[in-house]
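Descriptive structure summary
Given next are the chains, with one letter for each unit.
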Amino acid sequence: MSTLTTPLPGGTWTLGDLSVTRFGYGAMQLAGPGVMGPPADRDGALAVLRRAVDLGITHIDTSDAYGPGITNELIREALHPYPESLHVMTKVGAHRDEQGGWPPARRPDELRRAVHDNLDGLGVDVLDLVNLRLGNAEGPQEGSIAEAFETLVELQEEGLVRHLGLSNATTEQVAEARAIAPIVCVQNMYNLAHRHDDELIDALAGAGIAYVPFFPLGGFSPLQSAELSAVAARLSATPMSVALAWLLHRSPNILLIPGTSSVAHLRENLAGAGLRLTAADLAELDRIGR
Ligand SMILES: NC(=O)c1ccc[n+]([C@@H]2O[C@H](COP(=O)([O-])OP(=O)(O)OC[C@H]3O[C@@H](n4cnc5c(N)ncnc54)[C@H](OP(=O)(O)O)[C@@H]3O)[C@@H](O)[C@H]2O)c1
């Protein structure tokens, strides 16, 4: 496996002591339908992971809840032993029920088990980054996270986790966590059409904390908008590329984890995310989420 040295769109960002490409890869949808069970095309899934690293991507987002266990298994099979430059970011705080739901699993014993499941699944002694996944499938929910976050801090002190982050979190929960221990990122839903976190992104940028939008392309319902299509047509680019380029322009602390099960889409997204958007393009795109 050769790793290209060409800079990727957006350059790099430092998460604690880890340098990562701002353009990463989100592995969730590599599992079967509904993020349950194995993929229909296992070799294809392995090929996408290998190609992502080959193209120079140095961070992959996952969770033991994907599959469950399937996505981590694919990452391990495709990429273990991991290149030193590659950092796999995972999440704990939800498990899967038989209907494919995502019930919370944030008791201390559940979080400990989830960290060990991720260590075993990925085949590592230390997890580079663990996000505490909060809220539910509808979004963030208010409430104290102290007990759960303190459990992750204990696991960090035990040397099983390098860095901590939050996912699906409210602004108050971000502040509560930061009063307990440093976090290096927040992973929340955000894209051109879903802009609830605009203020949080700016505040985190000021604090040197990364913001990692999940569903950057709209997730299970890919982004569709007349303004996006118009800008994309003008730039002779795809709407997905423009959506990713807009995120890279939006703030320097934004890291991308777009998902795809296709090598062709991976290449297209990577190439397109480097598009230069003019002030007029940005103003037109800005209207989508307002
Ligand atoms: N913290 C959380 O609670 C949470 C929740 C959801 C997701 N996440 C993370 O966020 C990551 C990204 O989310 P996601 O993958 O669900 O959504 P996404 O990145 O917004 O979109 C992925 C979808 O876009 C399609 N796509 C990608 N490139 C395309 C292109 N060039 N042209 C047309 N379609 C394209 C993919 O289909 P193809 O496979 O056909 O390319 C896939 O259906 C996940 O992998 C996961 O790691 C976290």
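Please refer to the structure placed before this passage.
Residues numbered from 1 in each chain as written. Predicted model: local features only at pLDDT ≥ 70, side-chain atom pairs only at ≥ 80, totals over all residues.

**Notes on the overall build of the chain**
Assigned secondary structure in the chain consists of ten helices and nine strands. The C-alpha radius of gyration computed for the chain amounts to 18 Å, which stays within 12% of the reference 19 Å derived for 290 residues, consistent with globular compactness. When its C-alpha atoms are laid out on the principal axes, the chain stretches across 55 × 40 × 40 Å. Counting across all 290 residues of the chain, residues that qualify as buried make up 46%. A separation of at least 24 residues holds for 74% of the contacts in the chain among residues at least 6 apart in sequence. (Helix = DSSP H or I, 4+ residues; strand = E, 2+ residues; numbered from the N terminus. Rg over C-alpha atoms; globule rule 2.2 N^0.38 Å. Buried ≥ 20, exposed ≤ 12 C-beta atoms within 10 Å, placed from the backbone. Contact = placed C-beta atoms within 7 Å.)

**Some details on the packing of helix 3 (residues 108-122) against helix 4 (residues 146-157)**
Running from amino to carboxyl end, helix 3 crosses helix 4 at an angle of 40 degrees, the nearest separation of the two axes being 9 Å. The angle between helix 3 and helix 4 falls in the class oblique. Read as a crossing pair, helix 3 and helix 4 show a hand that is right-handed. In this structure, helix 3 contributes Pro-108, Leu-111, Arg-112 and Val-115 to the contact, and helix 4 contributes Glu-147, Ala-148, Thr-151, Leu-152 and Leu-155. Its residues assigned to classes, the contact of helix 3 with helix 4 comprises six nonpolar, one polar and two charged. (Axes fitted to C-alpha atoms, helices over the stretch in contact; angles between N-to-C directions. Parallel < 35°, antiparallel > 145°, perpendicular 65-115°, else oblique. Left-handed = near helix turned anticlockwise from the far one by under 90°. Nonpolar A, V, L, I, M, F, W, Y, C, P; charged D, E, K, R; others polar.)

**Remarks on unusual backbone geometry**
The residue after Gly-67, namely Pro-68, is reached through a cis peptide bond having omega -20 degrees. In this model, His-80 is joined to Pro-81 through a cis peptide bond whose omega is 0 degrees. With respect to the element layout, Pro-81 can be found in the loop between helix 2 (70-79) and strand 5 (87-92). The phi torsion at Asn-168 lies on the positive side, around 60 degrees, for a residue other than glycine. Residue Ser-236 is not a glycine yet carries a positive backbone phi of 50 degrees. With respect to the helices and strands, Ser-236 occurs in the loop between helix 7 (226-234) and helix 8 (239-250). Residue Ser-236 is classed as exposed on the basis of its 7 C-beta neighbours within 10 Å.

**Focus on the environment of Val-35**
Note that Val-35 resides in the loop between strand 3 (25-26) and helix 1 (42-54). Accessibility expressed as a C-beta count within 10 Å gives 20 for Val-35, which makes it buried. Excluding residues within four positions of it along the chain, Val-35 makes contact with Met-28, Gln-29, Tyr-66 and Gly-67.

**Comments concerning the pairing of strand 5**
Of all six residues that make up strand 5, six are buried, and the element is covered over most of its length. Taking every second residue as pointing to the same face, both faces of strand 5 are buried, with His-87, Met-89 and Lys-91 on one and Val-88, Thr-90 and Val-92 on the other. Note: strand 4 (residues 59-61) against strand 5, three bridges, orientation parallel. Each residue of the ladder has a partner; that of Asp-61, found in strand 5, is Met-89. Note that the unit made of strand 4, helix 2 and strand 5 has a crossover that is right-handed. Note on the crossover from strand 5 through helix 3 to strand 6 (residues 127-133): the handedness is right-handed. (Pairing = 2+ DSSP bridges. Right-handed = clockwise from strand over helix to strand, strands pointing away.)

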